[in-house]
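The chain contents come next:
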Amino acid sequence: MEALRVVITILYIIVCIALVVIVLLQEGKSAGLTGAISGAAETYWGKNKGRSMEGTLKKITKVLAVLFVVLSIVLVSNKW
């Protein structure tokens, strides 16, 4: 069981580092003056946000966040 705990801990560290990197790669929510005037929803990138790099990063962030929470709960449980 100790080997399994070591493997989960290593996976947890990898998920933590990946989550930090993915969050830092994302753009900020403020689009500046251009976004305030023209509106982000009317642009090509605003309509196709799910298919863009930014949309992909958001999906990966959600998956990594869920993994982070699940692994945290598994590591905290005292059933080892």
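What comes next concerns the included structure.

Conventions we followed
Residues numbered from 1 in each chain as written. Predicted model: local features only at pLDDT ≥ 70, side-chain atom pairs only at ≥ 80, totals over all residues. Heavy atoms only, no water. Helix = DSSP H or I, 4+ residues; strand = E, 2+ residues; numbered from the N terminus. Buried < 20%, exposed > 50% of the residue type's maximum accessible area, 1.4 Å probe, protein only. Contact = heavy atoms within 4.5 Å. Areas by Shrake-Rupley, 256 points an atom, 1.4 Å probe, with all protein chains shown as cover. Core = buried A, V, L, I, M, F, W, Y, C linked by side-chain atoms within 4.5 Å. Expected span 1.5 Å × (residues − 1).

Across its full length, the chain carries four helices and zero strands. Going from N to C terminus, the chain has its helices and strands arranged as α-α-α-α. The buried share among the 80 residues of the chain stands at 18%. Considering only residue pairs separated by 6 or more positions, the chain has 81% of its internal contacts joining residues 24 or more positions apart. When the accessible surface of the chain is summed, it comes to about 6400 Å², and 71% of that surface belongs to carbon and sulfur atoms.

Judged by nonpolar contacts, Ile8, Val15, Leu19, Ile22, Leu57, Leu64, Leu71 and Leu75 together constitute the single largest core of eight residues. The set of elements that each furnish at least two residues to this core consists of helix H1 (2–25) and helix H4 (53–76). Other than its neighbours up to four places away in sequence, leucine 57 contacts Ile22, Leu25 and Gln26.

Our next topic: H1. Between the first and last C-alpha of H1 there are 35 Å, a value that for 24 residues agrees with the 34 Å anticipated at 1.5 Å per step. Of all the residues in H1, the buried ones are Ile8, Val15, Leu19 and Ile22. In this structure, the buried side of H1 is in contact with H4.

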